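# Observations on chain architecture
Here is how the chains run, residue by residue.
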Amino acid sequence: MSDIAGSLSEVRARIADAARRSGRSADDVLLVTVSKTRSLEEIAEAIDAGARDLGENYVQELVEKQAALAAEGRDDVRWHAIGHLQRNKVRHIAAFCRLIHSLDSTRLADEIQKRVGAAGRTQPVLIEVNVAAETSKFGVSPEAAKPLAEHVAGLGDVELRGLMAMTPYDISVDESRRYFARTREVAEALARDLPDGAMSELSMGMTQDYESAVEEGATMVRVGTAIFGKRRDG
Ligand SMILES: *Cc1c(COP(=O)(O)O)cnc(C)c1O
């Protein structure tokens, strides 16, 4: 077994254990394999080991990798846009992205609506909430999530599925856990006034804290380093 395959299966086992500790099963948690900065060879190894949901931060990198893998016949991949998204980049991914995790403004929502509406498709999204206001640059405050969610509900082709939370890299697992619990509370409060399913997903947890995220209710975790090793850059 390659290193990547071995790491992937260990991450899966840890997710399954954490899911059981939270009274759920492994199938209730989607692993998004974060492939930013990784080579096509590394990504192909992960795909061969069963990775199907890939997350990228930068639109250009996502688009190039999607095209390169599709050219090799590896188009059974679901792409997730997980980084801060600029409006002028939306048109590049609106055709095929499975989920945008980082919706953070009404103007970005309007742009997504414009692009997917024109393409005759719908786009599932998560609102990125900033529960650690002092330290994260992106995402909306928990208070601003409600008007943004209501705006999205009125758009038609942008489908709200839940929330995404980023935790700062330099905090303890216990602090992360408090942020995850807070994010779940925000989602539960929002769900009361939104259509069914609009708050069914919680994307939270990375290499440093994905197990506690799952214990606190994450339905998706975004893991890169624990699968591929330390990033050389980015
Ligand atoms: C890089 C990144 C991750 C993965 O981080 P690791 O520590 O490598 O697991 C998850 N989410 C976002 C938004 C990222 O930018």
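Overview of the structure.

About the criteria used
Residues numbered from 1 in each chain as written. Predicted model: local features only at pLDDT ≥ 70, side-chain atom pairs only at ≥ 80, totals over all residues. Heavy atoms only, no water. 1 Å grid on protein atoms, 1.4 Å probe; cavity = no way out; pocket = protein on both sides within 12 Å on 5 of 7 lines; lining within 4 Å. Points joined across faces, edges and corners; volume = space filled by probe spheres on them. Nonpolar A, V, L, I, M, F, W, Y, C, P; charged D, E, K, R; others polar. Salt bridge = Lys/Arg side-chain N within 4 Å of Asp/Glu carboxyl O. Helix = DSSP H or I, 4+ residues; strand = E, 2+ residues; numbered from the N terminus. Buried < 20%, exposed > 50% of the residue type's maximum accessible area, 1.4 Å probe, protein only. Axes fitted to C-alpha atoms, helices over the stretch in contact; angles between N-to-C directions. Parallel < 35°, antiparallel > 145°, perpendicular 65-115°, else oblique. Left-handed = near helix turned anticlockwise from the far one by under 90°. Contact = heavy atoms within 4.5 Å. Expected span 1.5 Å × (residues − 1).

## Regarding empty space enclosed by the protein
Tallying each qualifying case throughout the model produces 1 cavity of 30 Å³ or more. Each pocket or cavity is described by its volume, and for the largest cavity that value is around 30 Å³. As for the largest cavity, its lining consists of Glu56, Asn57, Tyr58, Val59, Leu62, Ala81, Ile82, Gly83, His84, Leu85 and Ile93. A class-by-class count of the residues in the lining of the largest cavity yields 7 nonpolar, 3 polar and 1 charged.

## A look at the pattern of salt bridges
Summed over all chains, the structure comprises 18 salt bridges. Taking the shortest distance from any N to any O, the salt bridge between Glu111 and Arg115 comes out at 2.8 Å. Of this pair, Glu111 and Arg115 both sit in helix H5 (residues 106–119), 4 residues apart, which is roughly one turn of the helix. For Glu111, a relative accessible area of 14% gives the class buried. Residues Lys146 and Glu150 are paired through a salt bridge, measuring 3.8 Å at the closest nitrogen-oxygen approach. Here Glu150 and Lys146 lie together in helix H6 (residues 142–153), a separation of 4 residues that amounts to about one turn.

## Things to note about the packing of H5 against H6
In the contact formed by H5 and H6, the axes pass within 10 Å of each other and the chain directions differ by 20 degrees. Classified by the angle their axes make, H5 and H6 are roughly parallel. Crossing hand, H5 versus H6: right-handed. For the pair H5 and H6, the contacting residues are Thr106, Ala109 and Asp110 in the first and Leu148, His151 and Val152 in the second. Residues that form the contact of H5 with H6 fall into these classes: 3 nonpolar, 2 polar and 1 charged.

## Side note on the packing of H6 against helix H7 (residues 173–191)
Contact geometry of H6 with H7 gives a least axis separation of 11 Å together with a crossing angle of 35 degrees. Between H6 and H7 lies a crossing of right-handed hand. Contact residues: H6 offers Pro142, Glu143, Ala145 and Lys146, while H7 offers Arg182, Val186 and Leu190. A breakdown of the residues in the contact of H6 with H7 according to their chemical character gives 4 nonpolar, no polar and 3 charged.

## Quick notes on helix H1 (residues 3–21)
Over its 19 residues, H1 extends 27 Å from the first C-alpha to the last, a length consistent with the 27 Å expected when each residue adds 1.5 Å. In the core, the buried residues of H1 are packed alongside strand S1 (30–34), helix H2 (40–48), helix H8 (210–215), strand S8 (220–223) and helix H9 (225–228). Gly23, located one to two residues past H1, shows a positive phi value of around 75 degrees.

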